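For reference, the chains in residue letters:
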Amino acid sequence: MTNTRFIDKLKRKIIVVGHYGSGKTEFSVSLAMLFASAKVQKHSNFNECAIVDLDIINPYFRSREMKEILEQHGVHVFGSAFNAEVTAELPALSANVRAPLENESCRVIIDTGGNDSGALPLNQFSKYFADDTTVLAVLNANRPGTSNIEGAIEHIKAIEQITNLQIAGIVNNTHMMQHTTAADIISGNAFCEKICKLTKKKLYFNCYPKTLINPSEITMLSGNLIPLGLCFHNKHKK
């Protein structure tokens, strides 16, 4: 199954949630880059692609920091009400966040903050998520808090409870940063499959770092393979 065929099964609005350090922002960015690619656009019913950055808590890497390169590739970026870097950490959201949510011709990815507290800002826009929305939870089986089945399921339920949204699927992003191996991803796949079985959710994606892993090493995995680091890869090529 190709990425294009699987992506077409996702609804227009995709909400990405997950634990701190799960890699949900890099997944969101790479998914947006795939949406904007000519290959996917050819099979899409949407004319535009956008990413909404709702992470107003985490002071580390966030999707709006990649705004310039994303927009160069046709991905519109919405989020902070502040443009100056000195105020980028203040907890404020621009009113323009609503624009892509209301645009029926725009495929939009909503990148949230970590944990249930980070997903809380979704409630400001709850009326937009009543339909045509897919919620994905990114899991890293090597991350404290989601490194065992019980903890991961508790994490998923906490996000569902605070947002009143149903998580449709799991994204396996088990990694060890620059030390990630194919074995990590394969192990994470088995972990996420167990969670899916217990929670009656679907495994949507298995992620792999484009610069570290050859996809031929993990073709046996269920769920679509999605390369991470597309934004950085294109940045370095320019």
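Parameters at a glance
Residues numbered from 1 in each chain as written. Predicted model: local features only at pLDDT ≥ 70, side-chain atom pairs only at ≥ 80, totals over all residues. Heavy atoms only, no water. Helix = DSSP H or I, 4+ residues; strand = E, 2+ residues; numbered from the N terminus. Expected span 1.5 Å × (residues − 1). Polar contact = N/O pair within 3.5 Å; in protein donor to acceptor, adjacent residues only side chain to side chain. Core = buried A, V, L, I, M, F, W, Y, C linked by side-chain atoms within 4.5 Å. Buried < 20%, exposed > 50% of the residue type's maximum accessible area, 1.4 Å probe, protein only. Contact = heavy atoms within 4.5 Å. Pairing = 2+ DSSP bridges. Axes fitted to C-alpha atoms, helices over the stretch in contact; angles between N-to-C directions. Disulfide = S-S within 2.5 Å. Salt bridge = Lys/Arg side-chain N within 4 Å of Asp/Glu carboxyl O. pLDDT = per-residue confidence, 0-100. Parallel < 35°, antiparallel > 145°, perpendicular 65-115°, else oblique. Left-handed = near helix turned anticlockwise from the far one by under 90°. Nonpolar A, V, L, I, M, F, W, Y, C, P; charged D, E, K, R; others polar.

J.: So what's going on with helix 7 (residues 149-163)? Residues and values would help.
T.: Compared with the 21 Å implied by 1.5 Å per residue over 15 residues, the 22 Å span of helix 7 between its first and last C-alpha is a close match. Regarding helix 7, its N-cap is N148, as a side-chain oxygen of that residue lies 3.3 Å from the backbone nitrogen of E150 further along. Positive phi appears at N164, one or two residues downstream of helix 7, with a value of about 60 degrees.

J.: So what's going on with the nonpolar core? Which residues, and what values?
T.: Counting 33 residues, the largest nonpolar core has V17, I110, L122 and F129 as the members making the most contacts within it. Every element with two or more residues in this core is listed here: strand 1 (13-18), strand 2 (48-53), strand 4 (106-111), strand 5 (133-139), helix 7 and helix 8 (182-199). In this structure, V17 is in contact with K24, T112, A119, L122, V135, L136, A137, V138, I159 and I167, ignoring residues within four places of it in sequence. Core analysis: the second largest hydrophobic core is formed by 28 residues, V29, F35, A36 and V75 among them.

J.: Describe the sheet that holds strand 5, with residues and values.
T.: On the basis of which strands lie adjacent, the open sheet formed by eight strands has the order 3-2-4-1-5-6-7-8 and parallel pairing. Of all the strands in the sheet, the pair left with one neighbour each is strand 3 (75-78) and strand 8 (224-228). Pairwise comparison of adjacent strand axes, ignoring direction, gives a mean angle of 25 degrees for this sheet. Pairing geometry for strand 7 (residues 202-209) and strand 8, over five bridges, is parallel. Looking at strand 8, one finds that F205 is bridged to N224. Most of the contacts of helix 8 go to strand 7, to which it runs at about 165 degrees, and overall it touches strand 5, strand 6 (169-172) and strand 7.

J.: Summarise the environment of V97; cite the residues concerned and give the values.
T.: Relative to the assigned elements, V97 resides in the loop between strand 3 and helix 5 (98-102). With 18 residues separating them along the chain, V97 and G79 place their C-alpha atoms 6.0 Å apart.

J.: Break down the state of the cysteines for me, with residues and values.
T.: In a disulfide, the sulfur atoms of two cysteines are covalently bonded to one another. Under the defined criterion, the tally for this structure stands at zero disulfides. In this model C196 remains outside any disulfide bridge; the closest cysteine sulfur is found in C192, 6.6 Å from its own. Under the relative-accessibility criterion, C196 is labelled buried at 7%. Cysteine C207 is unpaired, with the sulfur of C192 as its nearest cysteine sulfur at 9.3 Å.

J.: How would you summarise the pattern of salt bridges if you had to cite specific residues and measurements?
T.: Counted according to the given criterion, the structure contains three salt bridges. For E104, the salt bridge is made with R12, and the minimal N-O distance between the two is 3.7 Å. Pair noted here: E104 is in the loop between helix 5 and strand 4 and R12 is in the loop between helix 1 (3-7) and strand 1, with a separation of 92 residues, a long-range link. The exposure class assigned to E104 is exposed, which follows from its relative accessible area of 57%. In this structure, D132 and R12 form a salt bridge, with 3.5 Å as the shortest nitrogen-oxygen distance. Separated by 120 residues along the polypeptide, D132 in the loop between helix 6 (115-119) and strand 5 and R12 in the loop between helix 1 and strand 1 bring together distant segments of the chain. D132 sits in the partly exposed class, given a relative accessible area of 30%. Linked by salt bridges that have partners in common, R12, E104 and D132 make up one network.

J.: Explain the confidence of the model for the protein chain to me, and be specific about the residues and the numbers.
T.: The share of residues in the protein chain with pLDDT of 70 or more is 81%, and the mean pLDDT across the chain is 84. Segment residues 82-91 is flagged for pLDDT under 50; beyond a separation of four residues in sequence, or across chains, it makes eleven contacts in the model. Every residue in residues 233-238 scores below 50 in pLDDT, and together they form eight contacts with partners more than four places removed in sequence or on other chains.

J.: Could you give an account of the packing of helix 7 against helix 8, naming the residues involved and the relevant values?
T.: The interhelical angle for the contact between helix 7 and helix 8, taken along N-to-C directions, is 55 degrees, at an axis separation of 10 Å. As far as their axial angle goes, helix 8 and helix 7 are oblique. The two elements helix 7 and helix 8 cross, and the hand of that crossing is right-handed. Between helix 7 and helix 8, the residues in contact are I149, A152, I153 and I156 and F191, K194, I195, L198 and T199, respectively. Broken down by class, the residue content of the contact of helix 7 with helix 8 amounts to seven nonpolar, one polar and one charged.

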